[in-house]
Amino acid sequence: MTQKKDFKTFVRTIIILAALLVVFFFVTLLTGSVSVSFAELLDTSNAIVHEIRLPRALLSMIIGGALSVSGFLLQTYFKNPIAGPFVLGISSGAKMLVAILLYLSVCFSVPVTSFGMIAAAFIGSMVVIFFLVIISRHIEGMSALLIAGIMTGYICNAICDLLVTFFSDNDVVNLHNWTKGSFSGADIGSVRVSFLIVIICFVLVMCLSKPIEAVMFSESYAFTMGVNVKRLRLFIIIISGILSATAAAFAGPISFVGVAVPFLSSKLLKNTKPLFVIPTCFVLGALVCLICDLIARTVFAPTELNISTVTAIIGAPVVIFMIITNRRK
């Protein structure tokens, strides 16, 4: 009876979120510094819609879903509700490699391409992920591992600050703008690549939903159910790393989405079953990032806000509420 009720709640929640996602998707395409009518929306020769707004809207949804699922996996791995790509230094690792790339471009007078920055951000994120995997073998408590991730982020940021002293003003501005996150550089190519990576990871996570649920109950219970806990944890950290690395590579570091959305998803569903929470996280994360990007580019148009500015304003109160709620419990 409870399972049937949970399933009905899940279906109802997904339908409502999907309907809101469709509404805001069209609002995003129609709204901006230049207004677009429905007739113009259907015109395939309209460059504003099909070359700028459409790729941007699609990328924001893909990255929002990726960050949210990554946050859920990291919170499951660390058994900590505030674990997320931004908190664990994964985003800082991406920032560090981008800073190193810019520094090398200054030294050798070689221009930096957008593909180079994407590749550097992805490699930096994965370096931090694998560093955390190695450290996890030598640390018993998950809280200690969380602290290690935070300290890794500080080290990466310190290296960035050191390198910035050798940058030109233009390079400093480029790095600063990138670290605040933005979907403004989206194109169909980045949408295709990010979608392919994220959808593969999403399918893998859904396949692992039952073992993850067993581990969330207890590791001893998961062991009796035939789950290889060590291997599962390795899969969780690698998949979450790929998702957060993809987000950092194509949109820069985006704060609070990976922490706040999993919490909101479980509150909406009133349960923590991964089979229900994971798809809800993805759809809600897509909706949150789409709305935040809409706010970022329209509130003070033609001036555009950084996406992390908007997500921080929305996500930080949620995280504070999470901390207060967990403390009361």
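See the structure above.
Every chain is numbered independently, its residues counted from 1 as its sequence is written. With pLDDT at 70 or above as the cut-off, local features in this predicted model cover only qualifying residues; side-chain atom pairs require 80 or more to be listed or tallied, and sums for whole chains, interfaces and linings still use all residues. Derived side-chain values reflect all non-hydrogen atoms in the structure, with water molecules and hydrogen atoms excluded from consideration.

J.: Requested: an account of the packing of aromatic side chains, with residues and values cited.
T.: We call Phe, Tyr and Trp rings a pair once their centres come within 6.5 Å, taking the six-membered ring for Trp, and we label the pair stacked below 30 degrees between planes, edge-to-face above 60, and tilted otherwise. In the structure shown here, the tally under the stated rule is seven aromatic pairs. On the basis of an interplanar angle of 45 degrees and a centroid distance of 6.5 Å, the ring pair of F7 and F10 is categorised as tilted. Taken together, the positions of F7 and F10, both in helix α1 (residues 2–30) and three residues apart, correspond to about one turn of that helix. Of the residues examined, F7 reaches a relative accessible area of 46% and is grouped as partly exposed. When accessible area is computed with a 1.4 Å probe and restricted to protein chains, residues below 20% of their type maximum are described as buried, those above 50% as exposed, and intermediate ones as partly exposed. Judged by relative accessible area, F10 falls into the buried class, the value being 15%. On the basis of an interplanar angle of 55 degrees and a centroid distance of 6.4 Å, the ring pair of F7 and F276 is categorised as tilted. Linking F7 in helix α1 with F276 in helix α13 (residues 274–298), this pair joins segments that are 269 residues apart in sequence. By relative accessible area, which is 8% here, F276 ends up buried. The helix count covers DSSP runs of H or I at least four residues long, the strand count covers runs of E at least two residues long, and both are numbered beginning at the N terminus.

J.: So what's going on with unusual backbone geometry? Which residues, and what values?
T.: Positive phi values are uncommon outside glycine, yet F256 reaches one of about 70 degrees. With respect to the helices and strands, the residue F256 is situated in the loop between α11 (229–251) and α12 (257–269). We classify F256 as partly exposed; its relative accessible area is 28%. Despite not being glycine, K270 shows a phi value in the positive range, around 60 degrees. By the secondary structure assignment, K270 is in the loop between α12 and α13.

J.: Lay out the packing of α1 against α13 with the relevant residues and their values.
T.: Between N-to-C directions, angles span 0 to 180 degrees; the directions come from axes that are lines fitted to C-alpha atoms, helices contributing only their stretch in contact. In the contact formed by α1 and α13, the axes pass within 10 Å of each other and the chain directions differ by 25 degrees. Regarding the angle of α1 to α13, the classification is roughly parallel. Between α1 and α13 the crossing geometry is left-handed. When residues are sorted by character, Ala, Val, Leu, Ile, Met, Phe, Trp, Tyr, Cys and Pro go into the nonpolar class, Asp, Glu, Lys and Arg into the charged class, and all the rest, Gly among them, into the polar class. Broken down by class, the residue content of the contact of α1 with α13 amounts to 19 nonpolar, three polar and two charged. Each angle is binned into one of four classes, with values under 35 degrees roughly parallel, values over 145 roughly antiparallel, values of 65 to 115 roughly perpendicular, and all other values oblique. Each crossing gets its hand from how the near helix is turned against the far one by less than a right angle, where anticlockwise is left-handed and clockwise is right-handed.

J.: Go over the environment of M61, please, and point to the residues and values.
T.: One can find M61 in helix α3 (residues 47–78). Linking M61 and A260, residues 199 residues apart in sequence, is a C-alpha distance of 16 Å. In this structure M61 touches L21, F25, A286 and L290, once residues within four positions along its chain are discounted. In what follows, residue pairs with any heavy atoms lying within 4.5 Å of each other are defined as contacts.

J.: How would you summarise the pattern of salt bridges if you had to cite specific residues and measurements?
T.: Whenever a carboxyl oxygen of Asp or Glu lies within 4 Å of a side-chain nitrogen of Lys or Arg, that contact is scored as a salt bridge. Under the criterion given, the structure shown has three salt bridges. A salt bridge links R56 to D293; its shortest N-O distance comes to 2.8 Å. Placement of R56 in helix α3 and of D293 in helix α13 is noted, with a sequence separation of 237 residues between them. The exposure classification of R56 matches that of D293, with both residues buried. With a closest N to O distance of 2.6 Å, E304 and R56 form a salt bridge. Of this pair, E304 sits in the loop between α13 and α14 (307–328) while R56 sits in helix α3, placing them 248 residues apart in sequence. Each member of the salt-bridge network shares a partner with another, and the members are R56, D293 and E304.

J.: Outline the side chain of T13, listing residues and values.
T.: With respect to the element layout, T13 can be found in helix α1. Among the residues examined, T13 registers a relative accessible area of 10% and is labelled buried. In this structure T13 touches L268, L269 and T280, once residues within four positions along its chain are discounted.

J.: I'd love a proper account of the nonpolar core, names of residues and values included.
T.: Here, nonpolar core refers to any group of buried Ala, Val, Leu, Ile, Met, Phe, Trp, Tyr and Cys residues whose side-chain atoms link them within 4.5 Å. Of all hydrophobic cores here, the largest spans 90 residues; its most connected members are I63, L73, F78, L88, F183, L243 and I254. Considering each element in turn, this core owes the most residues, 14 residues, to α3. Each residue touching I254, except ones within four places of it in the same chain, is listed here: I63, L67, F86, F183, I307, S308 and T311. Counting residues in hydrophobic clusters, the runner-up holds six residues, among them V259, F263, V319 and M322.

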